[in-house]
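Given next are the chains, with one letter for each unit.
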Amino acid sequence: MDGTHMNVVKPLALLLGAAGVFSLYFALQDYRGTQTIQLSKKLFVDFEFDRAIALSDEATRISPLDAEAYLNQAYIQGTLWIYRKEDSYRKAMDQAYAKAQQLNPKNASYHYQQASIYFEGQDFTKAITHIDQAITLDPLAAAYLYEKGTYLEAQNRKAEALALYRRAYQLNDSSIILQDIQRLEGQP
């Protein structure tokens, strides 16, 4: 090899080596973030709420572009909001869901999950707002239509719920949906 070739090969080798180091660094960060999320979930299930929150916060710092880290954070904060009725948890939940939705704006399931927590927290208006966002993103998802029907039924809006159950059943002829249709058709 002549000297000119060596002058090109050395910088190229250094560049490729640096790219490998960066790839390894990001892979380790991703692994560390995933492990932190998993530990946070375990601690939450074990009723170690403060440690679970701290680790969920750490996971978002380790992996700020990982929507799963924010979804875990949102779930923990939302569940605590339901049971403790402290608005700070709801605000933290909303911020975490907003970040996850920003990172993956076409994922309807994030809105569905947020709607579900609001429903469990008895805030039917916000639950419907978020399930509507899921339906907008995925209008053919029978599960989202069915879910909205259950929210409407909880508000005693039975005619609207029945219409949604019927639409959901057209998309997915599930026996569960059919039972709810039959149940509502049998009521005045």
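Residues numbered from 1 in each chain as written. Predicted model: local features only at pLDDT ≥ 70, side-chain atom pairs only at ≥ 80, totals over all residues. Heavy atoms only, no water.

Q: I tried to follow the packing of aromatic side chains on my own but got confused; where do I start?
A: The geometry of an aromatic ring pair is captured by two quantities: the separation of the ring centres and the angle between the planes. In this structure the tally under the stated criterion is six aromatic pairs. Ring centres of Phe119 and Tyr151 lie 4.5 Å apart, and the angle between their planes is 20 degrees; this geometry places the pair in the stacked category. Taken together, the positions of Phe119 in helix H5 (residues 108-120) and Tyr151 in helix H7 (residues 142-154) put the pair 32 residues apart, joining distant regions of the chain. Neither residue differs from the other here; Phe119 and Tyr151 are each classed as buried. Aromatic ring contacts, followed pair by pair, group Phe119, Phe124 and Tyr151 into a single cluster. (Phe/Tyr/Trp six-rings, centres within 6.5 Å; stacked < 30°, edge-to-face > 60°. Helix = DSSP H or I, 4+ residues; strand = E, 2+ residues; numbered from the N terminus. Buried < 20%, exposed > 50% of the residue type's maximum accessible area, 1.4 Å probe, protein only.)

Q: Any chance you could explain the nonpolar core here in plain terms?
A: Note on soluble globular proteins: their nonpolar side chains tend to be buried together. With 46 residues, the main nonpolar core has Leu80, Ile131, Tyr144, Tyr151 and Tyr165 as its most contacted residues. Here this core takes eight residues from helix H3 (residues 67-84), the largest share from any one element. Apart from residues lying up to four places away in sequence, Tyr144 is in contact with Ala108, Ser109, Tyr112, Ile131, Ala134, Ile135 and Asp138. (Core = buried A, V, L, I, M, F, W, Y, C linked by side-chain atoms within 4.5 Å. Contact = heavy atoms within 4.5 Å.)

Q: Would you mind going over the environment of Ser88 with me for this structure?
A: Topologically, Ser88 is positioned in helix H4 (residues 87-103). Separated by 11 residues in sequence, Ser88 and Gln77 have C-alpha atoms that sit 8.6 Å apart.

Q: Sorry if this is basic, but what is going on with the pattern of salt bridges here?
A: Oppositely charged side chains can form a pair if their charged atoms are brought close together. Inspection of the entire model under this criterion finds nine salt bridges. Residues Arg51 and Glu48 are paired through a salt bridge, measuring 2.6 Å at the closest nitrogen-oxygen approach. We note a salt bridge from Arg157 to Glu160, for which the minimum N-O separation is 2.8 Å. On the basis of relative accessible area, Arg157 is assigned to the partly exposed category, the value being 32%. (Salt bridge = Lys/Arg side-chain N within 4 Å of Asp/Glu carboxyl O.)

Q: Help me understand the side chain of Glu153 in this model?
A: Note that Glu153 resides in helix H7. Side-chain polar atoms of Glu153 contact the side chain of Tyr165, separated by 2.6 Å. Sequence-distant contacts of Glu153, defined by excluding residues within four places in its chain, comprise Ala161, Tyr165, Arg183 and Leu184. (Polar contact = N/O pair within 3.5 Å; in protein donor to acceptor, adjacent residues only side chain to side chain.)

Q: Would you explain the layout of surface pockets in this entry?
A: A probe matching the size of a water molecule, rolled over the atoms, marks out where space remains unfilled. Quantified by volume, the largest pocket comes out at close to 170 Å³. In terms of lining, the largest pocket is formed by Lys41, Phe44, Val45, Glu68, Leu71, Asn72, Tyr75, Ile76, Tyr97, Gln113, Ser116 and Ile117. A per-element tally of the lining of the largest pocket places H3 first, with five residues. (1 Å grid on protein atoms, 1.4 Å probe; cavity = no way out; pocket = protein on both sides within 12 Å on 5 of 7 lines; lining within 4 Å. Points joined across faces, edges and corners; volume = space filled by probe spheres on them.)

Q: Would you take a moment to explain helix H8 (residues 158-171) for this structure?
A: Residues spaced three or four apart along an α-helix face the same direction, because each turn holds 3.6 residues. The terminal C-alpha atoms of H8 lie 20 Å apart, and with 14 residues this matches the ideal 20 Å at 1.5 Å per residue to within 8%. Of all the positions in H8, only Ala161, Leu162, Leu164, Tyr165 and Ala168 are classed as buried. Down the axis of H8, the buried set is contained in an arc of 165 degrees. They therefore lie on one face. Projecting away from the buried face of H8 at angles above 90 degrees are the exposed residues Ala159 and Gln170. Where the residues of H8 are buried, they touch H7 and helix H9 (175-185). (Expected span 1.5 Å × (residues − 1). Arc of directions from axis to C-beta.)

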